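# Understanding the architecture of this molecule
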Amino acid sequence: MKRTSHESADNLAVDRRSFLGTALGACAISPLGSWSMQLAASMSGSLTKEQRDSMTPSQVIDELKKGNERFRAGKMAARDYLAEKRSSAAGQYPAAVILGCVDSRVPAEIVFDVGIGDTFNGRVAGNVVNDDLLGSMEFACAVSGAKLVLVLGHTACGAIKGAIDDVVLGNLTGLLARIKPAIPETKFEGEKSSKNPAYVDAVARTNVKVSIENIRLRSPVLVDLEKKGSIQITGAMYNLANGVVDFVS
Ligand SMILES: [Zn+2]
């Protein structure tokens, strides 16, 4: 993304708020009026280092929430993937690293309406933590400068159901073992079975919290960045039925 010399500080502030690809619909309600089209046109590239570095972790969360609202409203940004590919080829400055599930129905870039170069994404069944994912998150934040670690669980998660049912199958057995600590941690009144969607979702929510605890337990690098206020570590649940991302902590 290139800036023209006449762009004002106000405009930069708007860009920061809108970094992840402001939808035309969102522009239309901008109080800046005539800036709207310029702003929309300016979103034909990936997040720049200046935009990413100028944001706080909580502003990154706000942008993800806004992107999810655009997704749910069917008003996603008019994105030029080829322009994003070109603008990010020489360097990437993602604002967040998202640890999500492999589930085909939870593509983070789509449900948050972000583009190429905007977020790092690690995906593993049940969004559990392991050494390689921790290393990836440390790379994302300590080396590349991302501001947010987001653990993204979801409703009706098959991996959670598998852990509840004690499924034994090849390498899946070991993966499900990483989810199992969330089961006794889940306070739930009612039928505790994989057939009960409310219970499955309650365990999935606990599992997000367990993953966050594991990140803090096992990554002094990330904990140090969090203590300095450079990053925030948080979690969210994505609802497959209505598309809502609910930040849980
Ligand atoms: Zn899942």
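Scroll up for the structure.
The text that follows walks through the structure, step by step, so that each part is easy to find.

Thresholds applied
- Residues numbered from 1 in each chain as written.
- Predicted model: local features only at pLDDT ≥ 70, side-chain atom pairs only at ≥ 80, totals over all residues.
- Heavy atoms only, no water.
- Pairing = 2+ DSSP bridges.
- Helix = DSSP H or I, 4+ residues; strand = E, 2+ residues; numbered from the N terminus.
- Axes fitted to C-alpha atoms, helices over the stretch in contact; angles between N-to-C directions.
- Contact = heavy atoms within 4.5 Å.
- Core = buried A, V, L, I, M, F, W, Y, C linked by side-chain atoms within 4.5 Å.
- Buried < 20%, exposed > 50% of the residue type's maximum accessible area, 1.4 Å probe, protein only.
- Salt bridge = Lys/Arg side-chain N within 4 Å of Asp/Glu carboxyl O.

### Topic: the sheet that holds strand β3 (residues 148–154)
Judged by pairing direction, the sheet is mixed, and its 5 strands sit side by side in the order β2-β1-β3-β4-β5 without closing on themselves. The sheet terminates laterally at β2 (119–123) and β5 (245–247), the two strands that pair on one side only. Taking each pair of neighbouring strands and ignoring which way they run, the sheet shows an average axis angle of 25°. Direction of pairing for strand β1 (residues 96–100) relative to β2: parallel, over a ladder of 5 bridges. If you follow V97 over to β2, its bridge partner there is F120. Lying over the sheet, helix α5 (residues 57–73) contacts β1, β3, β4 (232–238) and β5, oriented at roughly 15° with respect to β4.

### Considerations on the nonpolar core
M137, C141, V149, I160, I215 and L222 are the most contacted members of the largest nonpolar core, which has 40 residues in total. Counting only elements with at least two residues in this core, the list comes to β1, α8 (131–143), β3, α9 (158–164), α10 (172–179), α12 (197–218), α13 (220–227) and β4. Looking at this core, the element that brings in the most residues is α12, giving 9 residues. Once residues within four sequence positions are removed from consideration, I215 is found in contact with V129, L134, M137, V149, V151, L222 and I233. Core analysis: the second largest hydrophobic core is formed by 20 residues, L64, A95, A108 and V245 among them.

### Examining unusual backbone geometry
Positioned with a positive phi, D113 is a non-glycine residue whose angle comes to about 50°. When you line up the elements, D113 lands in the loop between α7 (108–111) and β2.

### Focus on the pattern of salt bridges
Applying the stated rule across the entire model yields 12 salt bridges. Taking the shortest distance from any N to any O, the salt bridge between E84 and R79 comes out at 2.7 Å. With relative accessibility at 0%, the residue E84 sits in the buried group. Overall, the relative accessible area of 19% leaves R79 in the buried class. A salt bridge links D103 to R105, with the shortest nitrogen-to-oxygen separation between them at 2.8 Å.

### Some remarks on the pairing of β1
Where burial is concerned, most of β1 is hidden: 5 out of the 5 residues are buried. Side chains of β1 alternate between two faces, with A96, I98 and G100 and V97 and L99 buried alike. For β1 and β3, the ladder comprises 5 bridges, and the chain directions are parallel. The residue bridging L99 from the neighbouring strand is V151, located in β3.

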